Amino acid sequence: AITLACMLKVYGHTGAVIEGKQIHDESIKRGFFHKSVVLASALVDMYAKCGALERAQEVFDELVCVRNVVSWTALIAGYAEHGYGEDALRCFDQMKIQGFSPTAATYVCTLRACGAIKAAERGEEIHGEIDKKGIRDLLLETTLVDVYCKCGALVKARKVFDKLRVRDIICWNALISGYVEHGYEEKALKCLEQMHAEGISPDAVTFICGLKACISTRDVDKGQEIHDDIERQGLLGTNLVVGNALIDMYAKCNSLAKARKVFDEMPNRDVVSWTSLMSGYVEHGHGEEALKCYEEMLLDGFLPNPITFVCILKGCGSIGAIEKGREIHAEIAKQGLIHKNVLVANALLDMYSKCGALVNAQEVFDELSSRDVMLWTALIGGYAQHGHGEKALNCFVHMEHEGICPNASTFVCILKACGSIGSLEKGEEMHGHVIKEGLLGKDILLGSAVVDMYTKCGAMSKAQEVFDQLPIQDVVCWNALISG
């Protein structure tokens, strides 16, 4: 029985469910199945680790006489690991009802389930239970930090973190990634400094989180410091994900020469490396460079992924490279991506719209069986931008008939269309919609678009009235008014 249990552990780690089933059959044949607690728990664990959760539950349900906290924990862990948080919590509750006392390992698995489904209150309740029992375990405490971070309860996460007797790299990473994920990038970077001060060396996960924080804060100097640390650890040549994160940071912070230098120094590159570099060129107005990169990538034998297509189509649209855009369209159609990926379809439509090829844009749009607000807005924006205000308004009417709710970007495009054809009545109607949705004070571009529409329609008192009500009056808004 012990030999078989050891083999089940191996098959669980390697995901070899067929071989594990053979051991299961052998255990029944030898009469071990209902006698050995260790073997029974190992069977549940093997099926759970392999993702065969129905089978794990079936085996567990048969083990009425030889169930213990280990078999319960194995089942809970399986559900938590494979994204069935609710089932994991159900098992946890059943286990306690049947008189089994959770161990530190059980609590770790259950807390991970809470983190996966963002069950903050349940996590807090389990935390209280752990404190009441006085269980002290580093992995358990680290898991608590991670769960609170995943649930966005960062004050609680920090409180648990500050009480830890030992703070290892896993714990620091949990807190730093939590801050980055929930928009507290400055706090994440302070944590990075504090970690250094306590003599803890960052690992690849820390560096990736730190670089993401630098992108949001546009702190290229801090990014350079992290780059120096990465170089000292020799990670640039050995960890592709870290290298890609570094390219992405420099590219998004408009340090394109540094992004290219990192890219050129990397011994290995993948499609993500190429796409990060291209994205930087496109984002900062270097469409020609992005297209050169795309050609280099193809020559290097890398196939574009959907994100690459989105990026390069944006580049084509920005410089009016319609022929290249058509080439890329043909490749996308060959891969069947237009119907599979809404972002690719939207980028294609947007590229044709920006290049003034509105017939092509309409053809792409008509091909799609499912159309969201992004696709409608791209088409409306194309018509509005190229002086086809009536067509833009017709599109808007069709969009509403299909039950699609406009967003701030849609209103910006449709207000532009109203202004271009002097349709004051329709413009006032759109202004009413914007007020009803509570968008006017939240979006600077939208505020400017309303002012601009009224000035183009000659309704200057209305334009002044809207202008005076705006919480932020930027140069675009002032220009619209002065121009009117």
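Our structure's up above, just so we're on the same page.
Only a predicted model underlies this, so the values are computations on that prediction, with no experimental measurement involved.

Take the overall build of the protein next. For the protein, the count of helices and strands is 30 helices and zero strands. By principal-axis analysis of the C-alpha atoms, the protein measures approximately 90 × 50 × 50 Å. The buried share among the 484 residues of the protein stands at 50%. The contacts of the protein with a sequence gap of at least 6 include a subset with a gap of at least 24, amounting to 61%.

This part covers the packing of aromatic side chains. Per the stated rule, a full pass over the model turns up ten aromatic pairs. Taken together, a centroid distance of 4.7 Å and an interplanar angle of 75 degrees make the contact between Phe467 and Trp478 edge-to-face. Residue Phe467 is located in helix H29 (residues 460-469), and its partner Trp478 is located in helix H30 (residues 475-483); the two are separated by eleven residues in the primary sequence. Of the aromatic side chains, those joined through ring pairs into one cluster are Phe60, Trp72 and Phe100.

Under the criterion given, the structure shown has 33 salt bridges. One salt bridge connects Arg55 with Glu58, and the closest N-O pair in it is separated by 2.9 Å. A residue pair is termed a helical-turn pair when its members lie 3 or 4 positions apart in one helix, as Arg55 and Glu58 do in helix H4 (residues 53-62) at three residues. Using a relative accessible area of 25% as the deciding quantity, one classes Arg55 as partly exposed. On the basis of relative accessibility, which here comes to 41%, the residue Glu58 falls in the partly exposed class. Put simply, Asp93 and Arg122 hold a salt bridge, and the shortest N to O gap is 2.5 Å. Here Asp93 is found in helix H6 (residues 85-97), whereas its partner Arg122 is found in helix H8 (residues 120-133), with 29 residues between them in sequence. Accessibility expressed as a relative area gives 29% for Asp93, which makes it partly exposed. Several salt bridges converge on common partners, so that one network encompasses Arg158, Asp162, Arg167 and Glu198.

Our focus in this paragraph is helix H3 (residues 37-49). When the terminal C-alpha atoms of H3 are compared, their 18 Å separation across 13 residues agrees well with the 18 Å that a helix rising 1.5 Å per residue should span. What H3 keeps buried is the set Leu39, Ala40, Ser41, Ala42, Leu43, Val44, Met46, Tyr47 and Ala48. For H3, the elements touching its buried residues are helix H1 (2-14), helix H2 (17-29), H4 and helix H5 (69-81). At the exit of H3 stands Gly51, carrying a positive phi of roughly 80 degrees.

Cut-offs and rules
- Residues numbered from 1 in each chain as written.
- Predicted model: local features only at pLDDT ≥ 70, side-chain atom pairs only at ≥ 80, totals over all residues.
- Heavy atoms only, no water.
- Helix = DSSP H or I, 4+ residues; strand = E, 2+ residues; numbered from the N terminus.
- Buried < 20%, exposed > 50% of the residue type's maximum accessible area, 1.4 Å probe, protein only.
- Contact = heavy atoms within 4.5 Å.
- Phe/Tyr/Trp six-rings, centres within 6.5 Å; stacked < 30°, edge-to-face > 60°.
- Salt bridge = Lys/Arg side-chain N within 4 Å of Asp/Glu carboxyl O.
- Expected span 1.5 Å × (residues − 1).

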